[in-house]
Structures are given as structure tokens and as C-alpha cells.
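One-letter residues, chain by chain:
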Amino acid sequence: DGQASLEPELRAFLRETVPDYMVPATFVFLSTLPLTSSGKVDRQALLGRAVPPPSDGQSEAVPPRTELEQTLAELWRKALGVERVSVHDNFFDVGGHSLLLAQVHSELQRTLGREVPIVELFKYPTISQLAAYLSQSAAGPSSVDKGLVRAEKQKAAMAEQRQRMQQAQAAARQRLSGRTPPR
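Residues numbered from 1 in each chain as written. Predicted model: local features only at pLDDT ≥ 70, side-chain atom pairs only at ≥ 80, totals over all residues. Heavy atoms only, no water.

### Regarding the side chain of Ser86
Along the chain, Ser86 falls in the loop between helix 3 (67–80) and helix 4 (98–112). One polar contact links the side chain of Ser86 to the main-chain amide nitrogen of Val62, over a distance of 2.9 Å. Every residue in contact with Ser86, bar those within four places of it in the chain, is listed here: Glu60, Ala61, Val62 and Ile127. (Helix = DSSP H or I, 4+ residues; strand = E, 2+ residues; numbered from the N terminus. Polar contact = N/O pair within 3.5 Å; in protein donor to acceptor, adjacent residues only side chain to side chain. Contact = heavy atoms within 4.5 Å.)

### Some thoughts on helix 3
With 14 residues, helix 3 should reach 20 Å at 1.5 Å per residue; the first-to-last C-alpha distance of 20 Å fits that figure. Among the residues trailing helix 3, Gly81 stands out with phi positive, at a value near 70°. (Expected span 1.5 Å × (residues − 1).)

### So, the pattern of salt bridges
Per the stated rule, a full pass over the model turns up seven salt bridges. The partner of Glu69 in a salt bridge is Arg65, and the shortest N-O contact between them spans 2.8 Å. Accessibility expressed as a relative area gives 5% for Glu69, which makes it buried. Look at Arg65 and you get exposed, because its relative accessible area is 52%. A salt bridge links Arg110 to Glu107; the shortest N-O distance between them is 2.7 Å. Separated by three residues within a single helix, Arg110 and Glu107 lie in helix 4, roughly one turn from each other. Judged by its relative accessible area of 32%, Glu107 falls in the partly exposed class. (Salt bridge = Lys/Arg side-chain N within 4 Å of Asp/Glu carboxyl O. Buried < 20%, exposed > 50% of the residue type's maximum accessible area, 1.4 Å probe, protein only.)

The structure is reproduced here in C-alpha cells:
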């Protein structure tokens, strides 16, 4: 019973030590680990003891306020298999993990019809933060778009340089073909 009070302290320590997405959504305190007859950890028994992620109790669920937040909330609900999410819920605190985030990322790009770097979903783990980022990045070209433009310019410059080299080689061959070889 006294161990539940350790959870906030443990969570705070982990947030300082590892990235947010690596902090477990829930903690289950056990007096002993369940073991199989061979003495190994009984993973099936551990799964049976898993509990749903608790509400932090500090804030009430805030429903989506904009169309973009509504879209993001729907993607999260499908991926997480929950009925509702708050725009202030951290994706990883409500049961999400990197594989589910990859699914959300794929669906988000398909839904929005534009590239969104997956790292941004890790940087902005709440619906409200991600929606603000997406709204702001929609106003101007993203770093990905700028990178694509730069790559296209580089490809064009290299093609032009290649063409000039080929022309110079052809001119040199033509000059050499007009001469007679030395004896």
C-alpha cells in the first residue's frame, strides 16, 4: 500500500533519466515475481496482472477544440483502443508506445496528405502540442520541404555539370580526331 506513493517519485526520476516515450504508462508493484515451474519469470502471469493506465486525476479530460485536434484524437483512439482521450494526455502515458506511434504517423500523413517527420510526434506527445506544431508548420514550408527543395536544386546543378563535362569531352575527342597520330 505504501508503494503507490513511490510512483510519482519513480516517474519523476525516469523522466529525468530517459526520454518521455520510455517512461512506463503504469507501474505494478509486486512482492515477488511469478515464476514458472522451471524457475523463469512467468510472463503470462505478469500480463494477467497488468492494469489499465490510471488517470492522473490532476486534470479533467479536455475534448478536442479544433478540427485538427478532432482528427488527431480519432487517430489516437483507434491506435490506443480507447473511447476518449484528452487533448492534454501524453500519448505514452495513456498506453502508447513507439510501434503504435508509427501507425499513428502513417495514418496522420495519409489523412493530412503531407509529410510529417516522425520525430515531431515524439517531440509533441500531446494532441494540443502536436496540433499547434502542425498548424504552425502548415503556415510555412517545413524543414522537410526545404530539404526536398535543396535536394532538387543540387540534382539539377549536378545534371548541368555532368552535361558540361560531356560537352567538353566531346569537343576534346573531336579536336583529337582531326589530328594525325604522331609517328
